[in-house]
Amino acid sequence: MAEQPKNFGFGEDETMLRDSAQKFFLDNCSADKIHGLVAHDHNVHRSNECLWDKTLWQQIVELGWTAVCVPEAAGGVGMPLVAAVALAEEIGKAAFPSPLLSTYSATFVLNACQSDEATKALGEIAGGKATSLAVTNQQGSWETTDTDVSIDDGKLNGVTYFVQDARKADQFVVSAKHDGEVGLYLIDSNADGVEIIPDNIIDLTRDQAHIRFKNAHAIELAAPGAGDKAINEAMPAILCIVSADMVGAGEWLLQTTVEYAKTRVQFDRPLGFFQAVKHPLVNVMLDIDRAKSLTYNAACAVDTDAENAEKFARMAKSQAGDMAVFSSSRAVQFHGGIGFTWECYVHLFFKRQMHNQVLYGDAKYHRAKLADMLIGVAA
Amino acid sequence: MSKADNKDTSEQSEFRSYCQDWLAKNHPGRPDVKIPQGALELSDPAALAWLQTWQKSAYDAGMIGCDYPVEVGGGGKTDCQAIANQEMQRAKTPYLPNIIGMGMAAPTIFFHAQDDVKAELLPKLLSGEDIWCQGFSEPGAGSDLANQQTFAERDGDNWVINGHKVWTSLAHFASWMILLCRTSKDDKYNGLSYFVVPIQSVIGNGVTVRPLIKMTGETGFNEVLFENLVVEDRYRLDEVGAGWKVAMTTLAHERGAGPLVTPASGGMSLEEGTSVSTSSTLSLINLARNQNRNGKTAADDPIIRDEIIKLVIRQESMRQNGRRTAIPSLTDHPMRIPLQGKLVGTELNQDMAELAYQIEGAASSLNVTDDNAPAGGQWPLAYMNSFGITIAAGANEVQRNILGERVLGLPKSK
Ligand SMILES: Cc1cc2nc3c(=O)[nH]c(=O)nc-3n(C[C@H](O)[C@H](O)[C@H](O)COP(=O)(O)OP(=O)(O)OC[C@H]3O[C@@H](n4cnc5c(N)ncnc54)[C@H](O)[C@@H]3O)c2cc1C
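Residues numbered from 1 in each chain as written. Chains lettered and ligands numbered in written order. Predicted model: local features only at pLDDT ≥ 70, side-chain atom pairs only at ≥ 80, totals over all residues. Heavy atoms only, no water.

Counting secondary structure elements, chain A contains twelve helices and ten strands. The C-alpha atoms of chain A give a radius of gyration of 21 Å, which matches the 21 Å a tight globule of 379 residues would have. Judged by the C-alpha coordinates and their principal axes, chain A covers about 75 × 50 × 50 Å. Every one of the 379 residues in chain A was classed for burial, and the buried ones make up 60%. A separation threshold of at least 6 residues defines the contact pool for chain A, and within that pool the share at least 24 residues apart is 77%. By element, 51% of the accessible surface of chain A is carried by carbon and sulfur atoms, the whole surface being about 14,500 Å². Side chains of chain A give 32 positive and 49 negative charges; the mean places of these two sets differ by 8 Å. (Helix = DSSP H or I, 4+ residues; strand = E, 2+ residues; numbered from the N terminus. Rg over C-alpha atoms; globule rule 2.2 N^0.38 Å. Buried < 20%, exposed > 50% of the residue type's maximum accessible area, 1.4 Å probe, protein only. Contact = heavy atoms within 4.5 Å. Areas by Shrake-Rupley, 256 points an atom, 1.4 Å probe, with all protein chains shown as cover. Lys, Arg positive; Asp, Glu negative; His and termini not counted. Charge placed at Lys NZ, Arg CZ, Asp CG, Glu CD.)

Here you go:
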């Protein structure tokens, strides 16, 4: 086993990046502001809008955040995954609508492709091109060999599902089958033969779509047979990024609920006096800290200890998934009636946690995978 | 990257290889007596003696008390105890018997006693020749520790002590006790003072030790009665009336949240010929492979698999929390993770043992004394014993109060 650095790889640069992200979100993205932006229409039959602040996205691109994990050789900054994880945590804490996390996931898949076309695409990401993965089938399978899209003569046909931030992305990395083998392909979001059909989703801070390809001309990133392997290789990094988002959102839910428990008075005492409130909040904190440490460890393994990366990343995603459910459920419950309203910001984070929790497999899914690795495949 | 956070310092890495070397040559091997699951269950003097020999040899080799100054019997090193602990545990050594001495008494004495008392008491404490016990709890002062009734009255250069302590682990073997008691009835907290007092040498002469029987049938803790025990004033730690403050040093270390790292070895399996360690998830997995459930092995049962992996994840998260807490910039409150340690560790052990006995099914009904008990009957016993530590050292409910109040800033529950 490779020896991991004790500090998870959080050096001065990584810490500075995190601190500047903290400041950026504090200055620009209060929960109040996000709520005003994405929750202006509460109608349960609301129309399907993609609501985000493109000016802020432009600033993020100028700050170089899309380039963080792009290798230097491809025109990026070449920082370790822990840097992206630190940013993802801040994004989760702000419930910030942006294609940054999708772009990070795509970055790691492109990195794993090891082709000239992939390197070129990485350079475009560094330059600010939002990119998202289109690698899931209609059943929502997380198995990387499952896709409902085919590729023949460089043309994509079929439908890909559950594409994250689809209407914010400039391009997609698509998994498609040729003769039963999975390759990866790059296509522009406004190319001919690409139809983005938005899903009506619960999470107000994201958008999601299924995308229909009709003879859409795409560039090969990884040849048939190499595509699923590239996604597998990138999967630990992807799991870390989603886990970090959950850790950040969890911390917002905890701190917001703690604040409420200090100020709301019933029976002549602040709610937090009562142990039926205090102790579960402590349990939420324990759960967040477990998830956070496991996420840093997994990210560090991706950076320095590849043979353990999958194991540690599944641990992180599993713990973060359970924590996401717990932190959001306690936040709503301990806000009482107000917590059940549209007006209270808690629902933004609640819904983001619901969405995160299932993305790339829930806690039980990853534990089943871990059991196969650590106990052996069941008879 | 500028910080030394990344790798062992040169002192640490040199010391690490020294420890590895020494342990490879000097592991004590299997005991010729039956050793209980933990030091708090020690009742057989022969078992104690065997473990004391181990502690003394590790002390003489420089692996215990590494970070204490040489003048008080320590190794004079910086941040090396953690290294020694890692290596002793990697080498699957026996546990150390003087746990209350090292974990609670030593740091308290070190931070609060006068110099001659430190030099007198610490060397034999660290070597394990003197066993120590902790006289905090009383019949009316458990979670509400400040409600002490044991009273010390000044008599010239001496103090005369009267009172009743309970649940005093290891008092039956102890040469010394750390004692919290009352010196004034006027103030609950500021009326407390802190002493170190002899036990063994004054039994029948002011001190009575009576064993209490645990729910498992084992002994290990006691009642201690003081009747006009006379103690010299120099054995008082810190000022008269400062007992509560001194006790906080003890409690912080007891919960693994103090500045000094407690020497700890362990990992040796308890049952000859098996590899049972009731704090190891690998042992749990092995157990599941060997137990039948619903026509297959328990290791093939999807629910058991899920439960095992949950515990594996919790165990890994504890390790990673420990790693993270050493890097101040990665937490928002310096005590956030240290104050979680006792709580999450003891609950993990309890849940592991609970799952293990469920995996054992019908055979979990068999006591350690039954030849047919799987894994020597250690798991059901560990399950029962696990309640000792979810209660002791500040019950876990009280730990949750502390975390809620000190870290999250919620109002005090009292
Ligand atoms: C194995 C073992 C070894 C021990 N060894 C020692 C020793 O060596 N020296 C020593 O001094 N003591 C020792 N103790 C005593 C131990 O510190 C006390 O048992 C412990 O502090 C709890 O006190 P109590 O038993 O009086 O329970 P109580 O304080 O009566 O508590 C009973 C229950 O009520 C809960 N409770 C109490 N107050 C609150 C509150 N404010 N909020 C929520 N819940 C609350 C507790 O968590 C517990 O579940 C030992 C105990 C055990 C079990």
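What follows continues from the structure just given.
Bringing the interface of chain A and chain B into the picture now. Chain A puts 52 residues into the contact, and the matching count from chain B is 48 residues. For the pairing of chain A and chain B, the buried interface totals around 4,400 Å² over both sides, and the portion due to carbon and sulfur atoms is 59%. There are seven salt bridges connecting chain A and chain B. In this structure, A:Asp372 and B:Arg305 form a salt bridge, with 2.8 Å as the shortest nitrogen-oxygen distance. Across the contact surface, chain A and chain B share 27 residue pairs in polar contact (both at pLDDT 80 or more). Elements with a minimum of two residues in the side of chain A that touches chain B: helix H1 (12-28), helix H7 (227-263), helix H8 (275-304), helix H9 (309-334) and helix H12 (363-374) of chain A. Taken together, the residues that form the side of chain A that touches chain B break down as 25 nonpolar, 15 polar and twelve charged. (Buried area = accessible area lost by both parts, 1.4 Å probe. Salt bridge = Lys/Arg side-chain N within 4 Å of Asp/Glu carboxyl O. Polar contact = N/O pair within 3.5 Å; in protein donor to acceptor, adjacent residues only side chain to side chain. Nonpolar A, V, L, I, M, F, W, Y, C, P; charged D, E, K, R; others polar.)

Attention shifts here to helix H11 (residues 346-358) of chain A. Residues and elements named next belong to chain A. For H11, spanning 13 residues, the distance from its first C-alpha to its last is 19 Å, which sits close to the expected 18 Å at 1.5 Å a residue. Of all the 13 residues making up H11, ten are buried; the element is thus mostly covered by neighbouring parts of the structure. Listing the buried residues of H11 in full gives Val346, His347, Leu348, Phe349, Lys351, Arg352, Gln353, His355, Asn356 and Gln357. (Expected span 1.5 Å × (residues − 1).)

All right, on to the layout of surface pockets then. Residue and element names in this part refer to chain A. Taken as a whole, the second largest pocket encloses approximately 530 Å³ of empty space. What lines the second largest pocket is a set of 25 residues, and nearest its centre among them are Gln22, Leu26, Glu90, Lys93 and Glu251. Mapped onto the lining of the second largest pocket, the elements with two or more residues apiece are H1, helix H2 (31-38), helix H4 (81-94), H7 and H8. Of the residues assigned to the lining of the second largest pocket, the class counts are nine nonpolar, five polar and eleven charged. (1 Å grid on protein atoms, 1.4 Å probe; cavity = no way out; pocket = protein on both sides within 12 Å on 5 of 7 lines; lining within 4 Å. Points joined across faces, edges and corners; volume = space filled by probe spheres on them.)

This part is about the site of the ligand. Inspection of the region around the ligand gives 19 residues, with B:Gln134, B:Ser137, B:Ser143, B:Trp167 and B:Glu397 positioned closest. Around the ligand the close residues trace back to chains A and B. Residue A:Gln275 places a side-chain N or O atom 2.8 Å away from a nitrogen atom belonging to the ligand. Between the ligand and B:Trp167, the relevant distance is 2.8 Å, taken from a nitrogen atom to a main-chain nitrogen or oxygen of the residue. In isolation the ligand has 970 Å² of accessible area, and contact with the protein removes 70% of it. Secondary structure elements with two or more residues in the shell around the ligand: strand E3 (158-169), helix H10 (378-391) and helix H11 (396-407) of chain B. At three residues, E3(B) tops the list of elements feeding residues into the shell around the ligand. Of the residues belonging to the shell around the ligand, the class tally is eight nonpolar, nine polar and two charged. (Near = heavy atom within 4 Å.)

Residues that lie three or four places apart on an α-helix share one face, since the helix turns once every 3.6 residues. Residues and elements named next belong to chain B. The first and last C-alpha atoms of helix H2 (residues 45-60) sit 22 Å apart over 16 residues, in line with the 22 Å expected at 1.5 Å per residue. Of all the positions in H2, only Ala47, Leu48, Trp50, Leu51, Gln52, Trp54, Gln55, Ala58 and Tyr59 are classed as buried. Packing partners of the buried residues in H2 comprise helix H1 (10-26), helix H3 (81-90), helix H4 (99-112) and helix H5 (115-127). In this structure Asp44 caps H2, since a side-chain oxygen of it lies 3.0 Å from the backbone nitrogen of Ala46. Gly62, located one to two residues past H2, shows a positive phi value of around 90°.

So, about empty space enclosed by the protein. All names here are of chain A. The tally for this structure, following the rule as stated, stands at five cavities of 30 Å³ or more. If you add up the space inside the largest cavity, you get close to 140 Å³. Together, 13 residues line the largest cavity, and Leu101, Ser102, Ser105, Gln164 and Leu359 are the ones closest to its centre. Elements supplying a minimum of two residues to the lining of the largest cavity: helix H5 (100-113), strand E1 (131-134) and H7. Grouping the amino acids of the lining of the largest cavity by side-chain chemistry returns seven nonpolar, four polar and two charged.

A few words on a negative patch on the surface. A contiguous patch of negative charge, built from A:Asp152, A:Asp153, A:Asp179 and A:Glu181, is present on the exposed surface. Within the secondary structure layout, A:Asp152 lies in strand E2 (residues 149-152). (Patch = residues over 30% accessible without salt bridge, like charges linked within 9 Å, V, L, I, M, F, W, Y side chains within 5 Å.)

All names here are of chain B. Taken domain by domain, chain B comprises domain 1 (3-98 + 107-127), domain 2 (132-254) and domain 3 (281-407). Between domain 1 and domain 2, the C-alpha centre-to-centre distance is 26 Å. Both faces combined, the contact of domain 1 with domain 2 buries some 1,800 Å², and carbon together with sulfur accounts for 62% of it. Ionic pairing is found between Glu120 and Arg234, a salt bridge with its closest N-O pair at 2.8 Å. Between domain 1 and domain 2 we count ten residue pairs in polar contact (both at pLDDT 80 or more) in total. Taken together, the elements giving at least two residues each to the side of domain 1 that touches domain 2 come down to H2, H4 and H5. (Domains from an automatic or database assignment.)

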